[in-house]
Amino acid sequence: MSFLNPWFLLAGLGIALPILAHLLNRFQVQRTDWAAMRFLDRAVRVRSRQLKLRDILLLILRCLALLLLVFALARPAWKGDAASWIPGEKRAGVVIALDASFSMEEGEAGQKRFDRALKQAAVISGKIQPGDPVTLLLLGGKERLVSHNMAFDQGRWDALMQEVKATPATLEWDGVPKRLAELAEEMDASAKEIYIVTDTQQRDWKNLSPEFHAALKGVQSQARVFLVPVPGTAANLAVTNLELVSGTLRKGGVARYQATVRNCGTESVSNVDVRCRVEGTQIDSKKIPLIAAGASETVSLFVPFHNAGATRITAEISADTLEADNIRRTVAVVRDRVSVLCVDGSGGDAGRLITAALMARGDAAAMEESTVRSIPWLAFPAEDLSKSDVIVLADVPEVTEEQIAQLARFVREGNGLIWFAGDDVKAASWNKHATAGDNALLPGALGSVVSTSDAIGAGKPLDPAMPDHTVCQPLQSLAEDLLSETRFLKCLELKPASSSFTVLRLAGGDTPVLLEKSLGRGQVFQFSTTAQATWNNMALTPVFPMLMQQMVTYLAGREFERPQTVGDTLTLSFVEQPDASDAVFDSPSGETLTVPVREYRDQFVALMENADEAGFYLARVSVQSAAMPVAVNVDTRESDVACLSKEELTERFKGSDVIIAEDEVALAAAIDTTRTGRTSWRFFLLAALAFLLIECLLADRLMRRKGADAADPTMPAGDLGKQNA
Amino acid sequence: MSIHLPETQYLDPEVLQKIGDLELIAREVVQGLRAGSHRSNLRGFSTEFAHHRQYSPGDPIRAIDWRVFGRTERYFTKLYEAETNFDCHILIDASSSMAYASGKVSKLEYAKFLAASIAYMVLKQRDSVGLTVFDAEVRDSLPPRSSMNVILEIDRMLRIAEPRPKTAIAKQLHDIAMILKRRSFVVLISDLFADVDDVMAGLDHLKFAGHNVVVVQPLDAYELEFPFKGTWRFEGLEGEEPLTSEAERLKESYLAGLHKFLDEINTRCMGSHIDYTLTDTKRPLDAVLREIILKRENPGGTSTPSRS
């Protein structure tokens, strides 16, 4: 037994009062001399023992009434079958954890998993007594407490449930039991119940971590745990990726995007249509003949850009039972042209090769799409960097500190820098100005030039194992023999900084060939080799133009082009403080969110946390400025919607006290069976009142009982004198 | 006669002032003096000449003293001592039951004051008064005397009279009835807490012996009202076994018994032509004395016991 208001038990000390009154009253029999004894009816004499018994009986009644009242106020509660003979109301505090991840949207209209979950929640709420505490937690992305220890009221509950919706977010289960334990702990109830309503996806529930099981066990020490599965079909197609593979983001140009479609189901799906839209207009479509169960297939979508500016691109498949992952979004910032400035320290060789690589298409259209200018490095100080989008430094011996700062600013503004090593590069000077500190310009510190030739004098090829990087994608489509034709005889030792990333390395070792780092809104690429053919034959192979064009395209892009995932923080950054102090984000549903612009690490950023909708957000530094679209996609890990079967679920929780309720009937029965926690304060209150009433009536009767009831009714009253003498 | 009080404890000048016009007269004398009253039954009564009084119409012709007429040619009637002089015996019950007092004045104290006032009244009208204090037996007795000094003796006796357990009212009445030779006033002041039959037998004995009997029954207000509440232990003043009980439960039967007792006494006194007055000890003495005198003058009038 426990008490919901244990402090009231202190009032039980008040039982001393009637006992004290009883003790005092024992000595309060008054005495008097009396002359007219003959007229007193001795038949109504009260012996001391009668008085004692009477007083003790009244004392017991008073004490009982007081104790029962104290009990009632302390709100006693029982768990299980303890004291089942005492009537009480089955009450419990309830925590409902509702899976609201986007997998719960799987299903036909009206029969989606989330709809069925709401029905189960209605069954649960139907068993909650008015006034009992109830907490509703929506799981998925950032958790939402819809109600927290709310005293249950059906009308208010129904209104809350009307607003509850699934989110396009994923759900990570590891921290859920701990959170449920916290919510149960906060609840003031004699008996507690936790209901986890979820579709029990295989990806989550098949291999629950030991930490999860341990945490769940901890929860069960506080509350009865019910698992309410609302499974669905496993069949689901999802567009898991849409990325720029090749081409240029220039007005009049065409870019090749690759869309990946995964079959999350257990059966093959054929003839999957993939449509590509640009600003809502379909511009391409492909058909995937067959996608095997569990497999992914890619299609190339060619996107022509007729206009400059930020362009919204989507790849969609036909609607299936889960629509959230049927579309993938990205943004391309199309430029009129990309300007590349090549600062040549090699005497002209590097510039020619770089220009040729970037202009590999060699046609007039290509000439219009980009400009590549090559200048000697001594002319660099006089150059206006604002006219360029990408700067290539090829075998530049050294630059001044001011020039380093200028280049850093250039990159921070969202532009790109490509640095090539060379015979004339003065490592010490570069290291002094451009590689020290977290905000260093170059991704790696320069070392000495080392030979990478083998015994026969052949240079090392590139490592075919490449990271999943936009820059590497064209190379990954090359045949391996073509890739291995590119040989590197010498390399500059580079020591990558912690903030750098190795994009390419030589085969058979960790020698980096290409490093990348982000600086502000831009990126910097650093080669450990030359652009000219002195240290390698890269320029003589398809690798060089593919690499250069891909890097320029990549560097010319803006952060807006990189799709985000639901739950991510959207960022707007500025090198200089913008005119407005707030940035504005318009959500896909039309909601406008204003966030302040703050200074952070030599930049000014506006952060919108937890993008909770999938779609295109529009970000602008002020209401008046032009908006930049930001693509937010669902996390397609949640697209694997296959659920555990009933048998698998039972097996997972075998031996635990978790109650699995498959349907509404089973859930209702389980609640009725297991809800044995009772509170009986009403019973004790009524009992206290009853005892008080009995005590009052008895006291009155004992006080006022007529002597005639005890006297002999046949004897005249006057003879009492003789009788009593 | 002016009031000249010696130093006494039980004579209150204020009371005496109020009762100054009262006279305790034998009923037979009252009957004889009434104009147009019933034939007097003075036969056998002592006729010692006392003094003359001027004739008033209605006085008996045979009472006219013709010798005085011969001398003075005016009519005077003879008054005999037997018509105006009587012995008054005041009997005070000094048993323990008379000691009860709910306030400052016990029944015995009240009776003492009453007795002293009656004694004074009798002495003032030049009659004789005596006092007997009794409980189970006579404790003290003073034969009737007519000298005013007897009041001092009476006061002394009253002062030393203390309540003692047990009472024997009836025995004392019978004894007194045996002792008295001439018709007297007998004033009994007692709570009469004894057997009614015995008490009435004693009173009847006196009455049938030709005495004027007056009974004054002083009771305490608590005895008349029984206002007790709660649990009380009643301890008898005359050795009765104590009784512990709840007063509320006793009250109804007690009052019923008491009233029945009082009614019986009143009825039987009326039947025996005994003047009976019930009073409570809070009642002013002069009011009680007036009631006693009034009953003497109007024997068929109010005889309801005064119950407050």
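Predicted model only: the values in this text are computed from it and were never measured.

Structural notes on the overall build of chain A
Item 1. In terms of regular secondary structure, chain A is built from 19 helices and 36 strands.
Item 2. Counting over 725 residues, chain A shows a buried share of 50%.
Item 3. Split by element, the accessible area of chain A, about 32,800 Å² in all, is 53% carbon and sulfur.

Topic: the interface of chain A and chain B
Item 1. Opposite the 29 residues of chain A that make contact, chain B presents 35 residues.
Item 2. Summed over the shared surface of chain A and chain B, the result is 1 salt bridge.
Item 3. Salt-bridge contacts for Glu235 of chain B lead to Arg31 of chain A; the nearest nitrogen and oxygen are separated by 2.5 Å.
Item 4. At the junction of chain A and chain B, the tally comes to 8 residue pairs in polar contact (both at pLDDT 80 or more).
Item 5. The set of elements that each furnish at least two residues to the side of chain A that touches chain B consists of strand E2 (30-34), helix H2 (48-74), helix H17 (681-704) and helix H19 (720-724) of chain A.
Item 6. At 5 residues, the largest contribution of residues to the side of chain A that touches chain B is made by E2 of chain A.
Item 7. Partitioned by chemical class, the residues of the side of chain A that touches chain B number 15 nonpolar, 5 polar and 9 charged.
Item 8. Bridging between E2 of chain A and strand E8 (residues 231-236) of chain B involves 5 bridges; their strand directions are parallel. Note that in E8 of chain B the partner of Thr32 of chain A across the bridge is Phe234 of chain B.

Observations concerning the sheet that holds E8 of chain B
Item 1. The mixed open sheet is built from 3 strands, whose spatial order is E2(A)-E8(B)-E9(B). If you trace the sheet from one side to the other, it starts and ends with E2 of chain A together with strand E9 (243-246) of chain B, each paired once. In this sheet, neighbouring strand axes are inclined to one another by 30° on average, regardless of whether the strands run parallel or antiparallel.
Item 2. In this fold helix H10 (residues 247-271) of chain B packs onto E2 of chain A together with E8 and E9 of chain B, with an angle of close to 100° to the strand it touches most, E9 of chain B.

Some details on a nonpolar patch on the surface
Item 1. On the surface, Trp7, Leu10 and Leu13 of chain A cluster together into a nonpolar patch covering about 430 Å² of accessible area.
Item 2. Of note, Leu13 of chain A is situated in the loop between strand E1 (2-3) and helix H1 (16-26).

Comments concerning the packing of helix H5 (residues 107-124) of chain B against helix H11 (residues 285-297) of chain B
All names here are of chain B.
Item 1. Packing of H5 against H11 brings their axes to within 11 Å, and their N-to-C directions diverge by 55°. The angle between H5 and H11 falls in the class oblique. Like other packed secondary-structure pairs, H5 and H11 cross with a definite hand, here right-handed. Contacts between H5 and H11 pair Tyr110, Phe113, Leu114, Ser117, Ile118 and Met121 from the former with Leu285, Val288, Leu289 and Ile293 from the latter.

Brief notes about the packing of aromatic side chains
Item 1. Counting across every chain of the model gives 29 aromatic pairs over all chains.
Item 2. Geometrically, the ring pair formed by Trp34 of chain A and Tyr254 of chain B is tilted, given 5.6 Å between the ring centres and 55° between the ring planes. Taken as a pair, Trp34 of chain A in strand E2 and Tyr254 of chain B in helix H10 lie in two separate chains rather than in one.
Item 3. Residue Trp34 of chain A is classed as buried on the basis of its relative accessible area of 0%.
Item 4. Between the aromatic rings of Tyr222 of chain B and Phe228 of chain B, the centroid separation amounts to 5.5 Å while the plane-to-plane angle is 85°, which identifies the pairing as edge-to-face.

What about helix H8 (residues 349-358) of chain A?
Item 1. Every buried residue belonging to H8 of chain A is among Ala350, Gly351, Ile354, Ala357 and Leu358 of chain A, and all of these are buried. Down the axis of H8 of chain A, the smallest arc covering the buried residues is 135°, so these residues share one side.

Concerning the nonpolar core
Item 1. Ranked by internal contacts, the top residues of the largest apolar core, which has 47 residues, are Trp34 of chain A together with Leu203 and Phe226 of chain B.
Item 2. Listed by contribution, the elements that provide at least two residues to this core are helix H7 (169-179), strand E6 (184-189), helix H8 (196-208), strand E7 (212-219), E8, H10 and strand E10 (275-280) of chain B.
Item 3. Looking at this core element by element, the count peaks at 9 residues for H10 of chain B.
Item 4. Other than its neighbours up to four places away in sequence, Leu203 of chain B contacts Leu173, Leu188, Val213, Val215, Cys269 and Ile274 of chain B.
Item 5. Counting 41 residues, the second largest nonpolar core, distinct from the first, contains Cys342, Val390, Val392 and Leu547 of chain A.

Quick look at the confidence of the model for chain A
Item 1. Of all residues in chain A, 89% attain a pLDDT of 70 or more, and the chain-wide mean is 84.
Item 2. Note on residues 706-725 of chain A: pLDDT under 50 across the span, and 23 contacts to partners over four residues away in sequence or across chains.

Here's the deal with H11 of chain B
Item 1. The terminal C-alpha atoms of H11 of chain B, which comprises 13 residues, lie 18 Å apart, in line with the 18 Å expected from a rise of 1.5 Å per residue.
Item 2. Three or more residues of H11 of chain B are buried, namely Leu285, Asp286, Val288, Leu289, Glu291, Ile292, Ile293, Lys295 and Arg296 of chain B.

Some thoughts on the sheet that holds E6 of chain B
Residues and elements named next belong to chain B.
Item 1. The 6 strands are arranged E5-E4-E3-E6-E7-E10 in an open sheet whose pairing can be described as mixed. One side of each edge strand has no neighbouring strand; the edge strands of this open sheet are strand E5 (138-145) and E10. Taken pair by pair, the neighbouring strands of this sheet meet at an average axis angle of 15°, ignoring direction.
Item 2. As paired elements, strand E3 (residues 87-93) and E6 share 6 bridges and run parallel to each other. What sits directly across from Leu91, in E6, is Leu188.
Item 3. Running over the sheet, H8 touches E6 and E7 and is turned about 150° from E7.

Digging into the pattern of salt bridges
Item 1. Going through the model one piece at a time under the given rule, you end up with 32 salt bridges over all chains.
Item 2. Across the salt bridge formed by Arg233 of chain B and Glu235 of chain B, the nearest N and O atoms sit 3.0 Å from each other.
Item 3. Across the pair Glu246 of chain B and Arg249 of chain B runs a salt bridge, and its minimum N-O distance is 3.9 Å. Comparing Glu246 of chain B with Arg249 of chain B, the two get one shared label, buried.
Item 4. Three or more residues are tied together by salt bridges with common partners; here these are Arg31 and Asp33 of chain A together with Arg233 and Glu235 of chain B.

Some details on the confidence of the model for chain B
Residue and element names in this part refer to chain B.
Item 1. Summary statistics for chain B give a mean pLDDT of 80 and a share of 81% for residues scoring 70 or more.
Item 2. The spread of mean pLDDT over the elements of chain B runs between helix H2 (residues 27-33), the lowest at 42, and helix H9 (residues 221-225), the highest at 95.
Item 3. Within the model, pLDDT remains below 50 along residues 301-308, and this stretch shows 21 contacts once partners closer than five positions in the same chain are excluded.
Item 4. Quick note on the complex model: pTM equals 0.55, ipTM equals 0.79.

Here we look at the packing of H8 of chain B against H10 of chain B
Residues and elements named next belong to chain B.
Item 1. Contact geometry for H8 and H10: axes closest at 11 Å, N-to-C directions at 20°. It follows that H8 is roughly parallel to H10 by the angle criterion. The way H8 lies across H10 gives a crossing that is right-handed. For the pair H8 and H10, contact is made by Val196, Asp197, Met200 and Leu203 and by Phe261, Glu264, Ile265, Arg268 and Cys269, respectively.
Item 2. Across the contact of H8 with H10, the residue classes break down as 6 nonpolar, no polar and 3 charged.

How each quantity is defined
- Residues numbered from 1 in each chain as written.
- Chains lettered and ligands numbered in written order.
- Predicted model: local features only at pLDDT ≥ 70, side-chain atom pairs only at ≥ 80, totals over all residues.
- Heavy atoms only, no water.
- Helix = DSSP H or I, 4+ residues; strand = E, 2+ residues; numbered from the N terminus.
- Buried < 20%, exposed > 50% of the residue type's maximum accessible area, 1.4 Å probe, protein only.
- Areas by Shrake-Rupley, 256 points an atom, 1.4 Å probe, with all protein chains shown as cover.
- Contact = heavy atoms within 4.5 Å.
- Salt bridge = Lys/Arg side-chain N within 4 Å of Asp/Glu carboxyl O.
- Polar contact = N/O pair within 3.5 Å; in protein donor to acceptor, adjacent residues only side chain to side chain.
- Nonpolar A, V, L, I, M, F, W, Y, C, P; charged D, E, K, R; others polar.
- Pairing = 2+ DSSP bridges.
- Axes fitted to C-alpha atoms, helices over the stretch in contact; angles between N-to-C directions.
- Patch = residues over 30% accessible without salt bridge, like charges linked within 9 Å, V, L, I, M, F, W, Y side chains within 5 Å.
- Parallel < 35°, antiparallel > 145°, perpendicular 65-115°, else oblique.
- Left-handed = near helix turned anticlockwise from the far one by under 90°.
- Phe/Tyr/Trp six-rings, centres within 6.5 Å; stacked < 30°, edge-to-face > 60°.
- Arc of directions from axis to C-beta.
- Core = buried A, V, L, I, M, F, W, Y, C linked by side-chain atoms within 4.5 Å.
- pLDDT = per-residue confidence, 0-100.
- Expected span 1.5 Å × (residues − 1).

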